[in-house]
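Residue-level structure breakdown
So you can see what is in the structure, the chains are spelled out below.
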Amino acid sequence: MDNTELIDKFLDHYWLSSGASQNTLSAYRSDLKLFSKWLDSDLSHASNTHINDYFKHRQLSAATQARILTCLRIFYQYLITQQAIEANPTARLHHPKQIQKLPVFLNIEEVDQLLNTTDKNTIFGMRDRAMLELLYSCGLRVSELINLNYHNINLNEEYIRIHGKGNKERILPMGEVAIDYLNTYEQKARPFLLKSGQTDHYFLSNRGSGMSRQNFFYIIKAYALKAGIDKPLSPHTLRHAFATHLVQQGADLRSVQLMLGHSDISTTQIYTHIQNVQLKAQHAKHHPRG
C-alpha cells in the first residue's frame, strides 16, 4: 500500500471514529502528504529521528509544530492498531512550549458599532444583521453558523441546536435581540434569497445556496472597515467577544465552557486572563499610584 492510499485509509477511519471536521481532515491530509514527500519513503518506516529532523528542516512555529505532532501521533497510533508497526515514533517527542496569545476581542461599544453598520432596510443587510446577532448572542464557531439548518432553530422556544466539533450536540439559548432579527430575516429576506429553489440551509447567499465561510469572512471584514474598527477581525472575534463579555458580567466559567462547546475548561480559562489584563490596564490608567 503506497503512502497516499495509507493516508486516505487513516483519514476515513479517523473521521468515522472521531467525527472530526472537514477542516481538521484537510489539515491532517496536507500535513501527512508534506511529511511523506520529505521522508521519500514508506511512512511506516519513520523514526523519531526522522520526525525531529523534519521539524528542524521546516523551521515551523510552535503552534504549527504542535498540530503536526498531534496529527503524526494519531496517525502512528492508527498504524499500531492495524499492526503495521510495533511502536509509535512520536512517543518520546513533546509538544513545544507555546506563548499563550490573548485573542482579539471587541468591547461592547465596538460590537454595537459593528452590528449597527448593517443596513436593516435591504435584503442582504437583514441577513447579515441576523448572522452577526446570532454569532454574538450564542458564541458560535463560523462553521456552526453557516451549517445551521432550518430545523436547528426554534424561535418560539428561543433555542438553537448545534452540532459542533466531533459532532457533539449542544442546545443554546438565544437572546431576544437576536430572535427579533432572525424573525425579520425569515419573513422579509430569506424568501427572496431562496428564489425558486429549495434548501434547508438557514443562511443563504445571493445565489440561494448556503453561505460559505469565505463569503461570510469577507462580509464581516467589510463591516469592520465600514465601522472604523482597527483590529484584525474575523467571525471568530465575535465568539471571543461573547465569552469575554459573559465572564465580565459574572458568568461562571463552567457555563461559558458548555455554551462554547469546549471539551476542556482550561481552553475557556483564557477569558479569565483577558478580564485580568483589562483590570490591570484600568488600574494602571486610573489609580493615582498605578
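Please read all numbers here as calculations on a predicted model, not as lab measurements.

Once that is clear, we can look at the sheet that holds strand S1 (residues 153–154). The sheet built from 3 strands is open, its strands ordered S1-S2-S3 with antiparallel pairing. Of all the strands in the sheet, just S1 and strand S3 (169–173) have a single pairing partner and so form its edges. Inspection of the sheet shows strand S2 (residues 159–163) paired to S3 by 5 bridges, in the antiparallel sense. Paired with Ile160 across the strands is Leu172, a residue of S3.

Now for the packing of aromatic side chains. Scanning all chains against the criterion turns up 14 aromatic pairs. Taking 5.2 Å as the distance between ring centres and 85° as the angle between the ring planes, the aromatic pair formed by Phe10 and Phe75 counts as edge-to-face. Residue Phe10 is located in helix H1 (residues 3–18), and its partner Phe75 is located in helix H4 (residues 62–81); the two are separated by 65 residues in the primary sequence. For the pair Phe10 and Phe75, a shared accessibility class is recorded, and that class is buried. Between the aromatic rings of Tyr54 and Phe55, the centroid separation amounts to 6.1 Å while the plane-to-plane angle is 45°, which identifies the pairing as tilted. You'll find Tyr54 and Phe55 in the same group, each marked buried. Each residue in the set Phe10, Tyr14, Tyr28, Phe75, Tyr76 and Tyr78 is aromatic and connected to the rest through ring pairs, giving one cluster.

Glancing now at a negative patch on the surface. Judged by side-chain charge, Glu157, Glu158, Glu176 and Asp180 come together as a negatively charged surface patch. By the secondary structure assignment, Glu158 is in the loop between S1 and S2. Relative accessible area serves as the criterion here: at 40%, Glu158 is assigned to the partly exposed category.

Note that Arg190 resides in helix H8 (residues 176–194). Despite its burial, Arg190 remains without a salt bridge, the nearest opposite charge being carried by Asp200 at 5.7 Å. Of note is the side chain of Arg190, whose polar atom sits 3.1 Å from the backbone oxygen of Thr199. Those residues in contact with Arg190 that lie beyond four places of it in its chain are Tyr150, Tyr185, Thr199, Asp200, His201, Tyr202 and Leu204.

Our focus in this paragraph is the pattern of salt bridges. Summed over all chains, the structure comprises 8 salt bridges. With a shortest N-O distance of 3.1 Å, Glu169 and Arg161 are connected by a salt bridge. Looking at Arg161, the relative accessible area reads 27%, which means it is partly exposed. A cluster of three or more residues bridged by salt bridges with shared partners is formed by Arg141, Glu144 and Arg170.

For an α-helix, the turn length of 3.6 residues means that residues three or four places apart are oriented alike. End to end, helix H2 (residues 22–39) covers 25 Å across 18 residues, agreeing with the expected 26 Å (1.5 Å per residue, within 8%). Listing the buried residues of H2 in full gives Leu25, Tyr28, Asp31, Leu32, Phe35, Ser36 and Leu39. End-on view of H2: buried residues confined to an arc of 130°, all on one side of the axis. Among the exposed residues of H2, those pointing more than 90 degrees away from its buried face are Gln22 and Lys37. In this structure, the buried side of H2 is in contact with H1, helix H3 (48–58) and H4. Trailing H2 by a residue or two, Asp40 shows a phi angle of about 55°, which is positive.

Looking now at the nonpolar core. Among the nonpolar cores identified, the biggest contains 48 residues, and Leu134, Leu140 and Phe203 are the most heavily contacted of them. Among the elements of the structure, helix H5 (108–115), helix H6 (123–138), helix H7 (142–146), S2, H8, helix H9 (213–227), helix H10 (235–248) and helix H11 (253–260) are those that each provide at least two residues to this core. The element that contributes the greatest number of residues to this core is H6, accounting for 7 residues. Each residue touching Leu140, except ones within four places of it in the same chain, is listed here: Leu134, Leu135, Leu145, Leu148, Ile160, Ile162, Arg170, Leu172 and Arg239. The next biggest cluster of nonpolar side chains, apart from the first, holds 27 residues, and it includes Leu6, Ile7, Ile51 and Leu93.

The rules behind each value
Per-chain numbering applies: the sequence of each chain, read as written, is numbered from 1 onward. Restriction of local features to residues with pLDDT of at least 70 applies here, the model being predicted, together with a cutoff of 80 or more for giving and counting side-chain atom pairs; totals for whole chains, interfaces and linings are based on all residues. Only hydrogens and water are set aside when side-chain values are computed; all heavy atoms of the structure are taken into account. When DSSP finds two or more bridges between a pair of strands, those strands are recorded as paired. Here a strand is any run of E in DSSP of at least two residues, a helix any run of H or I of at least four, and the numbering for each starts at the N terminus. Working definition: rings of Phe, Tyr and Trp (its six-membered ring) pair if their centres are within 6.5 Å, and the pair is stacked with planes under 30 degrees apart, edge-to-face with planes over 60 apart, and tilted otherwise. For the exposure calls, accessible area comes from a 1.4 Å probe over protein chains only, and a residue counts as buried if that area is under 20% of its type's maximum, exposed if over 50%, partly exposed in between. Patch membership is restricted to residues that have no salt bridge and whose relative accessible area is over 30%. Joining uses 9 Å for like charges and 5 Å for the nonpolar side chains Val, Leu, Ile, Met, Phe, Trp and Tyr. Surface accessibility follows the Shrake-Rupley procedure with a 1.4 Å probe radius. Residue values consider only the protein chains on display as shielding. Salt bridge, as applied in this entry: a Lys or Arg side-chain nitrogen positioned within 4 Å of an Asp or Glu carboxyl oxygen. The sign given to each residue is positive for Lys and Arg and negative for Asp and Glu; His and the chain ends receive no count. Think of each charge as sitting on NZ of Lys, CZ of Arg, CG of Asp or CD of Glu. Counting of polar contacts relies on pairs of N or O atoms within 3.5 Å, with two restrictions inside protein: one atom must be capable of donating a hydrogen and the other of accepting it, and residues adjacent in sequence are counted only when both atoms are side-chain atoms. Should any heavy atoms of two residues lie within 4.5 Å, those residues are counted as being in contact. Any helix carries an expected span of 1.5 Å times its number of residues minus one. When we speak of the arc, we mean the arc of directions from the helix axis to the C-beta atoms. For this analysis, a nonpolar core means a set of buried residues of the types Ala, Val, Leu, Ile, Met, Phe, Trp, Tyr and Cys, connected via side-chain atoms within 4.5 Å.

Don't take any of this as a statement about function, it's just geometry.
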